[in-house]
Amino acid sequence: FTVGSSSVGPSQDPSSEAQQSSLLFRMPKNPLRRTMKPVEEGFGQATLKAYDSLPTDPQEAQRTEMLKLKRRFVRDRNITSAFFAKTEAKKKIMRDEQRRHQRASRDSKVVMYRKYREGELPDIQIKHSEMIRPFQALAQKDTSLARMLFASLYEAIFKQLESIVTERDAEAIVTAVCEGLNAVLKSSTQFYPPLIGSLEDVCFSVKQLSVDSSAAATASLTSKQEPIGIMLLEKQISSSPGNTEAPSAKRAKGNMPSAATVTWVELARLYKSLGDFDVLHGIFSSHLGTKSITKEALEAEERADYAEAVRQYKDAIGCDSWSDGPPMQVEEDLWEESLLQCCNSLTEWGDLEKAAVVNVDDSNPPCLDKIWDDAYYLEHNLPYIMRAKLKLACGGARDDGFNAFLDKALESPEHRGLLHARYSTELTLYHILKDDLDRARFFAGTCVQSFLQEWPNLSMLLEKSRAAHLKQLQPLAEMKEYLDFMSSTKNFECAGPVEQLLSRWGSTFPHPKLDPISVWDDVVTNRCMMMRKMMQRFHDSAAGGTGGTSSAADQMEVDGTGDGVSLSRLQKLFSREYVQLYLKIASTATAQSNYAVARRYLQLTEKAAIEHFAHDPTLKIQWIHGVASMRIQQSQQDPSPTKLEPNIPLLEQLESYGKGSLDSANNSLACHHWLLEGTLYDIMANAFMEDGALILGTLPDPKMKQLNTLIGEPSASRPKPEDVTHRLFLKALSSLKGGVKAGTEHHKVSQDSSPMVKALVAMAKFCDAALRSKEEGVDVLLDTKQFPSVVVSYTLKAMQYQSQSATQQFPRLLQIVEQYPDSLDAFLKKAHDVPNWMFIGWISQMVALMDKPAGSAVHKILLSIASDYPQALTYPFRISSSDFKFDSSETGRLNQDAVDQVRRKLENAVISDFILALEQLSSPELVWKDAVDNDLRPLMDQSVGSRDEAKLKEVWQQIYSHLFDHKSWESSQDGPLYGTPSAPSNLVGARKKKFAQDYVKQVEDKFGKDGSKLLRMKGADFNKVSTDIYGAMQSSLTKATGDSLLKNYSPWLHNFDPTSIGHAIEVPGQYDGKSKPLPEYHVKIAGFDEKVLVMSSIRKPKRITIRGDDEKEYKFLVKGGEDLRLDQRIEQLFDIMNGILLEDTACSQRGLSLKTYSVIPMTHRVGLIGWVENTIPLKDFLKNALTESEEKHYMNGANWHEEWLKKFNPDRTNLAYKEMYKKAKRVEVEKEFRRKATCVPHDLLRRAFMHLAVSPEAFLALRSHFANTYATLSICHYVLGIGDRHLSNYMVDLETGGVVGIDFGHAFGTATQFLPYPELMPFRLTPQITNLLLPHLYESGQLRNCMVHTMRALRNSHNLVLNTMDVFVKEPSLEWKSNARKQAKEQKLSEDDLSQLDVEWYPREKVQQAKKKLIGGNPVHIMRFDLEKGHARTPEYSALKAILTGDPAYNKRAKVGERCGSVEEQVDCLIDHATDPNILGRTWVGWEPWV
């Protein structure tokens, strides 16, 4: 490489060579390189000289040396300073220059579309086009902005259309635009997502526009824009239900449907594409008059019984006569399309090919070219024809007709464009099958480019559409890997490359639950096909390398050297890979309840294992395990006795494999084998225990002989059902023991503990189920003496290895230790080996046990936690230990000693001050009211002569010193706050001091400073005086709302300085028990924000902001006057329920869960609640969507309700409600309720979500999430009996649209039992919530089905929920104790009777009520019990009972007995109960039931 002349002549300047060579490489100058100062002439040449003379005096010499050094350092410092000053100056110049360049660069990139006037006056003469052009340029850069801009322009134009043109012209314009939009949607072949989305955005935004529903649905489906299509069709249904659009373009052959019906069916197609069967069922149940067979087939699809769905669809398509008239055309279309989808889900490619082709051409052979003549076939049939034909070709089938069809289509420019755009993946596979690898590589690249173009255009909210696109990548990536592998001949010189490729493939699989079986089949089928082609290539290479001789394979065999290829070894490698793939997809199909696919692949596996691996028992065992797993899941889902016959030969096979094939070297496989066998025996035993006589009566003789062989009975006998049950239970127990033994042996020789843990948990659950059955009075025909110790030992041993499923069972262990004292030794022995942090999640349950006879079980655990994690225990221990009561027995003394030890370990003055400082945030007015109601009134209600005067004086002194003795606060500097005559001045703020100064004189005048006037005051007088005083305090309480200063409430918190105390305080709520805590990394409190937010609710809680030492802020709500243990335990129950929902397949697929928050009780009267960010009360969320005029009208509902009540009693509201219950008729109540509902816009909640959403897709996502979370929340609230669900007790998440429940003061039915106007509804389901779902109905569809799935999951795991509730029995909160006294008083129990009652009777009663709900009790009968306990003696009880029960003529719940027949029936009763206008119309006005 040369530049210029190739040589340098003698006459040339020598420097020219350097100039020429410099053209080769030109190095840019570095502007940052420092320029060096030039040196003087002769630098470095002078030699050093000695001193002419040296000082002779040592001191003078030292002084001279010091001066020399001083001059040197001064000089060096000056030089250094000057150097850095110059450097910094140069850097500053460079930075300024860089900024100038950046500004110039930015200015050069800005496009000015017009010149703007300069000066003070604004430039107002701007044309509309000049405003649009910048937006147009911006839209070209971002498709999302383009869609928004396009829709906004259309919306703005149509808003002004009628004011610009005549009405007739406006109609003509609308018609022309609609025709144009329909033309684009129908004629599109590429279905570019941004274009389709933009057009449908326009139709949705402009209310005058509508499009053909079939065209809109097809375009949305093809472009993966289902959400906007759904919103558009729902808008058209709601706005113009009677529109007269044309039906589908497909040829008419059935009953012609109405336009509304067509729209509903197309809407159903869109929801079905998203896999939203809940809404789909609602459409076909409520809006379409479809045949019953359609509903049955859709239900079969939802439960993944695709074989049954195919049978139903084939029957429907083949039926020629219908007793109730012919089906609609759109319903027939739905049958055909659903049949194709079900065949695809079954991977029945032959059936799919037949069903897809027969609609196009039923001749033999069919003419596939007819597909191009009908757009319907292109959209609905061609995708399935392509898929089926290619799948059959991958299996080895040859179809020359299909090959000719594709080759011909690829020669046509029009057809080729469509195939390239929509079927590039299929074309890649097609050319791989033809061994045309270059074309395959081209189409693979086309696929990648297409994906990269489409992916940015898919909205982040289109999760399912994005997931569908991503699922295409794995088969495509593996085909590209295959193409790269086949392109190199070196890959066929040895086995290494192919083994590496198979290893990579073996480590990547689709998700077993989230990815459908069709995606799995793409991966498995493609891999099997590509492995066959690779094997053929190895054979061809062998034959080609030896001249094609017959001994080529033998010549290539180089076993063990790695220098060649062993074809026999490769064949075995590929064959084993086939078997493993089949087992993998069979396991996935079982997990997805797709048993037809699982069964077929298991049959293929059995055949391959027998043919190729007759001497390898491992594959046979894996196969039988797959069969057993499938049968176990089938039996658990449908335990009917008539379907248990196949389990008998399967158990025989399992036993034979267990005896002969299990190798002791593979204990993991053996453990799994024994567990499957034990589980199957257990299922059989339970079935025989339920209905053994029926099973024995229907068993044929061969099956009976097999069963007798299994249980050790003579083959010809017919044993008794109880004998069979006993033997089966023994076999199950024996198998589970074998699993535990094998798992333990496996753990000894490896680090893998998972098989052992699974076996331990399985054995513990088996024994616990037997114990529960025995406790319920059912004889399990087993000796259960050792079972309690087994449950305790095995569960704790599993916890030792951090098993979460075992940890969830820990509350049950505490029950067992109490109920079976012999198991205590096993508990103490095994608990010692469990990491103590595993128990942190159950601290409340353990602390509640400390003063009980079984308290010794938890003493060591709590002492260990107190040592390692003191701040995890300090708050629950402080609040619980104040209620401990110890007897004089040896056990009581040991319990008290243990409590004292824990207390000493947890002693911390700083924590005590922190709690006392938080107590100061309680409003003193409310503290006074609570003290009067809870402490003084019970004493004052007694007659004057029988009062405990000493106790009365003591209580009064505590109240006075806490609230009114402000003089002692000012003089005192330290000491505890409550319960002593003095309080520290640094804890009491100005707010409380002012309160004391304002009311101390009034209190002293009425009651005396020492309370002496109380001793002779009558109870009625006390009630009047205390009420008057509290009434006077209301003014100061009302003013205390909004922002306020922290120092006015708690100077201690305001002045908090972590450096001045000797102990750090962790930010509360960091111990959840789910992972090992690291306290050294926990966030510590660094201070508090100076402001607090006082909430407007009744208790006036305050929101404080804690500043952590991680420089983040943590917000908490300080709630005073309530025992937050109830809220904390309910949140814990919600956490358990979340775990149950996560394990349930149907719930996890729908993402059903509850949003929880931390609750930290600190004393009986104060605690912290974690602030949920980005939420707003539902009431505020609704009111923010009101216009000014609507807001004025909003209050009419409450006013009209109160006016209506005055008809029954104009003077007293409480009596008016009571009279209304008795006298108001259903017709009047419902009419009045509907009138009040008109005070609120019917679509108010929908508008609120529309304001929150930035796009139609966002609204659909928000609405869907709201419905899912609200349905889940409603069922969970119902199970726990949570009431008082007014609008302010729901929080709406502004990011997701989800719902969060707060304030659980009324739980376990107390809102029905104790409120003066009892709540008679199970949860809130009022008009605004149901209207949000329109045009869908709440009685069916998403809301109802999510409730069904949630209730079913909770009922299936009800023992886990009930175990956690046991803490309510062991340690009732203050409210529960108070409620127990109220209920005892209502039942007219004497003081002696009350004192003899077990303190646990009330909690047990409430837990029993929850259990009734979890076993399917009719909600009316359960609520009637609570109503009777609280209101049976009132005059209106009979009327309330009738209102609650309902009328069979109107209410479904009134037709159902005490027990619901199914989960669906239970949910239907709940929905009927919650939406009954006869109940809602009588509800307390503050509940606002009409909203």
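Fair warning: this is a prediction, and the values are worked out from it, not measured in the lab. (Residues numbered from 1 in each chain as written. Predicted model: local features only at pLDDT ≥ 70, side-chain atom pairs only at ≥ 80, totals over all residues. Heavy atoms only, no water.)

(A) The arrangement of the overall build of the protein in detail. Secondary structure summary: the protein contains 69 helices and 10 strands in total. At a minimum sequence separation of 6, the contacts of the protein that also span at least 24 residues come to 71%. With the model as given, the accessible surface of the protein reaches about 72000 Å², and the carbon-plus-sulfur share is 52%. (Helix = DSSP H or I, 4+ residues; strand = E, 2+ residues; numbered from the N terminus. Contact = heavy atoms within 4.5 Å. Areas by Shrake-Rupley, 256 points an atom, 1.4 Å probe, with all protein chains shown as cover.)

(B) View of the packing of aromatic side chains. In this structure the tally under the stated criterion is 39 aromatic pairs. With a centroid separation of 6.2 Å and 15° between ring planes, the pair formed by Y154 and F158 is classed as stacked. Taken together, the positions of Y154 and F158, both in helix α4 (residues 143-159) and four residues apart, correspond to about one turn of that helix. The exposure class of Y154 is partly exposed, given its relative accessible area of 25%. On the basis of relative accessible area, F158 is assigned to the buried category, the value being 5%. Plain terms: the ring middles of Y376 and Y377 are 6.3 Å apart, the flat faces sit at 75° to each other, and that makes the pair edge-to-face. Both residues of the pair, Y376 and Y377, count as buried. By the ring-pair criterion, three or more aromatic residues cluster together here, those being W928, W956, Y960, F964, F995, Y999, F1007 and F1022. (Phe/Tyr/Trp six-rings, centres within 6.5 Å; stacked < 30°, edge-to-face > 60°. Buried < 20%, exposed > 50% of the residue type's maximum accessible area, 1.4 Å probe, protein only.)

(C) Region of the structure containing the pairing of strand β7 (residues 1166-1170). The buried fraction of β7 is high, at five of five residues. Burial along β7 is two-sided: the face carrying V1166, L1168 and G1170 and the face carrying G1167 and I1169 are both buried. Between strand β6 (residues 1159-1163) and β7, which follow one another and run antiparallel, lie two residues. (Pairing = 2+ DSSP bridges.)

(D) Structural context of the packing of helix α14 (residues 329-346) against helix α15 (residues 349-358). Direction vectors running N to C along α14 and α15 enclose 160°, while the axes themselves pass 8 Å from each other. The orientation of α14 with respect to α15, classified from their angle, is roughly antiparallel. As α14 runs across α15, the sense of the crossing is left-handed. In this structure, α14 uses L339, L340, C343 and N344 to contact α15, whose residues at the interface are W349, D351, L352, A355 and A356. Grouping the amino acids of the contact of α14 with α15 by side-chain chemistry returns seven nonpolar, one polar and one charged. (Axes fitted to C-alpha atoms, helices over the stretch in contact; angles between N-to-C directions. Parallel < 35°, antiparallel > 145°, perpendicular 65-115°, else oblique. Left-handed = near helix turned anticlockwise from the far one by under 90°. Nonpolar A, V, L, I, M, F, W, Y, C, P; charged D, E, K, R; others polar.)

(E) How the structure looks around the sheet that holds strand β9 (residues 1290-1293). Taken in spatial order, the three strands of this open sheet run β8-β9-β10, and their pairing is antiparallel. Across the chains shown, the open sheet's two edge strands, defined by having one partner strand only, are β8 (1175-1177) and β10 (1299-1301). Sheet twist, expressed as the mean angle between neighbouring strand axes with direction ignored, is 35°. On top of the sheet, helix α58 (residues 1256-1279) reaches β9 and β10; it is set at about 20° to β10, its chief contact.

(F) Expanded view of helix α11 (residues 277-286). With eight of its 10 residues buried, α11 lies for the most part within the structure. Along α11, the residues that are buried comprise F277, D278, V279, L280, H281, G282, I283 and F284. Those residues of α11 that are buried are in contact with α10 (259-273), α12 (292-302), α14, α51 (1145-1150) and α61 (1342-1356).

(G) Seen up close, the pairing of strand β3 (residues 1091-1094). Burial along β3 is one-sided: V1092 and V1094 are buried, and none of K1091 and L1093, which face the opposite way, are. In this structure, β3 lies alongside strand β4 (residues 1102-1108), joined through two bridges in antiparallel fashion. The partner of V1094 across the bridge, within β4, is K1102.

(H) Here's a closer look at helix α22 (residues 463-471). Those residues of α22 lying buried are S465, R466 and H469. Axial view of α22: buried residues confined to an arc of 100°, hence all on one face. As for α22, its buried residues are in contact with α9 (226-239), α21 (437-454) and α23 (473-486). (Arc of directions from axis to C-beta.)

(I) Looking closely at the side chain of Q871. When you line up the elements, Q871 lands in helix α41 (residues 870-881). A distance of 2.9 Å separates a polar side-chain atom of Q871 from the backbone oxygen of A1064. Beyond its immediate chain neighbours, meaning those up to four positions away, Q871 contacts I911, H1063, A1064, I1065, E1066 and Y1071. (Polar contact = N/O pair within 3.5 Å; in protein donor to acceptor, adjacent residues only side chain to side chain.)

(J) Examining empty space enclosed by the protein more closely. Considering all chains together, one arrives at nine cavities of 30 Å³ or more under this definition. Within this model, the largest cavity holds a volume of roughly 190 Å³. What lines the largest cavity is a set of 18 residues, and nearest its centre among them are G1281, T1312, M1321, P1322 and M1423. Among the secondary structure elements, those contributing two or more residues to the lining of the largest cavity are α59 (1310-1313) and α66 (1419-1431). The leading source of residues in the lining of the largest cavity is α66, at four residues. Along the lines of polarity and charge, the residues of the lining of the largest cavity split into 10 nonpolar, four polar and four charged. Estimated volume of the second largest cavity: approximately 90 Å³. (1 Å grid on protein atoms, 1.4 Å probe; cavity = no way out; pocket = protein on both sides within 12 Å on 5 of 7 lines; lining within 4 Å. Points joined across faces, edges and corners; volume = space filled by probe spheres on them.)

(K) Main features of unusual backbone geometry. Look at the link from N364 to P365: it is a cis peptide, with omega at -5°. In this fold, P365 is placed in the loop between α15 and α16 (375-380). In this structure, the amide linkage connecting L1334 to the following residue, P1335, adopts the cis form with an omega of 10°. Mapping P1335 onto the fold places it in the loop between α60 (1327-1332) and α61. Of note, the phi angle at D1303 is positive, near 60°, even though the residue is not glycine. For D1303, the position within the fold is in the loop between β10 and α59.

(L) How the structure looks around the packing of α10 against α11. Orientation of α10 relative to α11, taken along the N-to-C sense of each, is 160°, at an axis distance of 8 Å. Relative to α11, the element α10 lies roughly antiparallel. When you trace α10 past α11, the crossing you get is left-handed. Together, W264, L267, A268, Y271 and K272 of α10 and V279, L280, I283 and F284 of α11 make up the contact between the two elements.

(M) Structural detail: a nonpolar patch on the surface. A surface patch of nonpolar side chains, about 380 Å² in accessible area, is lined by F135, L138, L145 and M148. Those elements that place two or more of their residues in the nonpolar patch are α3 (128-139) and α4. Here L145 falls in the partly exposed class, since its relative accessible area comes to 36%. (Patch = residues over 30% accessible without salt bridge, like charges linked within 9 Å, V, L, I, M, F, W, Y side chains within 5 Å. Salt bridge = Lys/Arg side-chain N within 4 Å of Asp/Glu carboxyl O.)

(N) View of the pattern of salt bridges. Under the criterion given, the structure shown has 73 salt bridges. One salt bridge in this structure joins E379 and R422, with 3.0 Å as the shortest N-O distance. Taken together, the residues span a long stretch of sequence, with E379 in helix α16 and R422 in helix α19 (residues 413-422) at a distance of 43 residues. A residue is classified by how much of its surface remains accessible, and R422, at 21% relative accessible area, is partly exposed. One salt bridge in this structure joins K1119 and D1303, with 3.7 Å as the shortest N-O distance. Of the two residues, K1119 sits in strand β5 (residues 1113-1120) while D1303 sits in the loop between β10 and α59, which places them 184 residues apart along the sequence.

(O) A look at the confidence of the model for the protein. Confidence along the protein averages 84 in pLDDT terms, with 87% of residues attaining 70 or more. Low pLDDT (under 50) marks residues 1-34, which in the prediction has 10 contacts with non-local residues, meaning those over four places away or in another chain. Predicted confidence is poor over residues 1391-1397, with pLDDT under 50, and the contacts of this stretch with residues over four places away or in other chains come to two contacts. (pLDDT = per-residue confidence, 0-100.)

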